[in-house]
Amino acid sequence: MVVHRRRGWEIAEREATPEAAFWNRRAVMAGGAALLAATPALAQRVVPPVGPAQTGPTVAHPFPLNQAFVDPGRPLTGEDIATTYNNFYEFGSHKQISRAAQRLTIQPWEVVIDGMVEAPLKLDAADLERRLPREERVLRFRCVEAWAMTVPFSGYPLAALVALAKPTSGAKYVRMETFQRPSEAPGHRQFWYPWPYVEGLTMAEATNELTFIATGAYGKPIPRQMGAPLRLVTPWKYGFKSIKSIVKFTFTDQRPKTFWEVAGPTEYGFWANVNPQVPHPRWSQATERLLGNDERVPTRLFNGYGEWVAGLYQDMPSAERLFM
Ligand code: MTE
């Protein structure tokens, strides 16, 4: 039986996704419910792929919808907006990089999993995806620049990749790294940035149910400008944590120095949890602008995902730094 729990951040049905939105939520939910009824394993949220495993442009979408992340409580952002308003400094330090990003070669795409693991792995992104349980999620996404989107992503929980990697007991963090190819990405010739783009999570964050590796968006393989062929999505953190086009996952006992921490240590930190009470030096974080209709809405602690992640930080000192 499908039980849809109403979350604190949910709004009334009539205020949610307009009919014109790309994603027909009713159809999605009906599809999800049917899948759930047909496949008992889906009730446990670790969702096996349905049908034959496929990758690349022929990926079968949508995958089963994770019922925990079915209703974002706000309208979906149009695909045309989410795919043309992007931050991807490898292709330029402005939002209109979608055309430039098409120069990125994404097949083949080798992913390295190394560091404190039982045995290092090197495999193609498509093979990796085939080995992990894929699903669909609709997630709110909040940039520190105070704009927000809501995107239907597909992919797999990062926890599933961690399980495949088999980290040793000493591993405390996962360090993630983006490709570095000056021949394809002009940003890499901007020597003042500390390339390659690096991000990191604690093991508890990496294995949290909410932490997602997106390989698709809007029912299609994720486009290059959004981080093809695989990118992180940590929806309770500011968008810069969601590293794109990952080539390496390294398990380590050292806290990684992240790209933005190195580039601007007075403005960016490791944790970057969304908090409306803690302003960034250049942007108030009290409200956010929804891309698409430009509505300003109040920002919520942990972007409204506290139910999943607040417990990760409750015993940590220096609360202020948690929100940088
Ligand atoms: N990942 C890489 N490799 N390079 C980047 O410049 N920008 C980050 C993040 N991931 C970035 C990145 C920032 S600042 C944001 S807000 C999000 O990607 C934007 O994701 P989107 O373009 O899909 O909305």
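The structure displayed is predicted, hence computed values, not measured ones. Position numbers for residues count from 1 along each chain, tracking the sequence in the order it is written. For a predicted model such as this one, the threshold for reporting local features is a pLDDT of at least 70, and the threshold for listing and counting side-chain atom pairs is 80 or more; totals across whole chains, interfaces and linings nevertheless cover every residue. Each side-chain value is worked out from all heavy atoms of the structure, with water and hydrogens disregarded.

Caption draft 1: The site of the ligand, seen in detail. Any residue with a heavy atom positioned within 4 Å of a molecule or strand is treated as near that molecule or strand. As a matter of local geometry, the ligand sits amid 18 residues, with Tyr89, Glu90, Thr178, Ser242 and Lys244 nearest to it. N or O atoms closer than or at 3.5 Å make up a polar contact, with two conditions inside protein: a donor-capable atom paired with an acceptor-capable one, and, for residues adjacent in sequence, both atoms drawn from side chains. Asparagine 87 is positioned with one of its backbone polar atoms (N or O) 3.2 Å from an oxygen atom of the ligand. Of the residues that constitute the shell around the ligand, the class distribution is ten nonpolar, five polar and three charged. Ten residues, namely Ala, Val, Leu, Ile, Met, Phe, Trp, Tyr, Cys and Pro, are considered nonpolar, four, namely Asp, Glu, Lys and Arg, are considered charged, and the remaining ones, Gly among them, are considered polar.

Caption draft 2: Spotlight on the packing of aromatic side chains. Between rings of Phe, Tyr and Trp, where Trp is taken as its six-membered ring, a pair exists when centres lie within 6.5 Å; planes separated by under 30 degrees are stacked, by over 60 edge-to-face, and by other angles tilted. For the coordinates displayed, the defined rule picks out 25 aromatic pairs. Judged by centre distance (6.0 Å) and plane angle (85°), the rings of tyrosine 173 and phenylalanine 270 are edge-to-face. Of this pair, tyrosine 173 sits in strand S5 (residues 173-178) while phenylalanine 270 is found in the loop between helix H6 (259-263) and strand S11 (287-290), placing the two residues 97 residues apart along the sequence. Per-residue accessibility, obtained with a 1.4 Å probe over protein chains only, is compared with the maximum for each type, and a residue is labelled buried under 20%, exposed over 50%, and partly exposed between these values. For tyrosine 173, a relative accessible area of 16% corresponds to the buried category. Numbered from the N terminus, helices here are DSSP runs of H or I no shorter than four residues, and strands are runs of E no shorter than two.

Caption draft 3: Geometry of the environment of proline 152. Relative to the helices and strands, proline 152 is located in strand S4 (residues 147-157). In the structure, proline 152 is positioned 76 residues away from leucine 76 in sequence and 7.8 Å away in space, judged by C-alpha atoms.

Caption draft 4: Fine view of the sheet that holds strand S1 (residues 110-115). For two strands to be treated as a pair, DSSP must find at least two bridges joining them. Read across the sheet, five strands follow the order S2-S1-S10-S5-S6 without closing on themselves; strand pairing throughout is mixed. The strands lining the two open edges of the sheet, one partner per strand, are strand S2 (121-124) and strand S6 (198-202). In this sheet, adjacent strand axes meet at a mean angle of 15° when their direction is disregarded. By the bridge criterion, four bridges tie S1 to strand S10 (residues 246-252) in an arrangement that is parallel. Considered in S10, the bridge of glycine 115 is made with phenylalanine 251. We call two residues contacting when some pair of their heavy atoms lies within 4.5 Å. For helices, the fitted line uses only the C-alpha atoms of the stretch in contact; every axis is such a line through C-alpha atoms, and the angle between N-to-C directions lies from 0 to 180 degrees. Its contacts with the sheet place helix H4 (residues 158-165) against S1, S2, S6 and S10, and it is angled at close to 65° to S10.

Caption draft 5: Here's a closer look at the environment of phenylalanine 88. Its location among the elements puts phenylalanine 88 in the loop between helix H2 (79-82) and S1. Judged by its relative accessible area of 3%, phenylalanine 88 falls in the buried class. For the pair phenylalanine 88 and alanine 185, spaced 97 residues apart in sequence, the C-alpha separation works out to 9.8 Å. Sequence-distant contacts of phenylalanine 88, that is, excluding residues within four places in its chain, are made with Ile97, Phe179, Arg224, Gln225, Gly227, Lys244 and Ser245.

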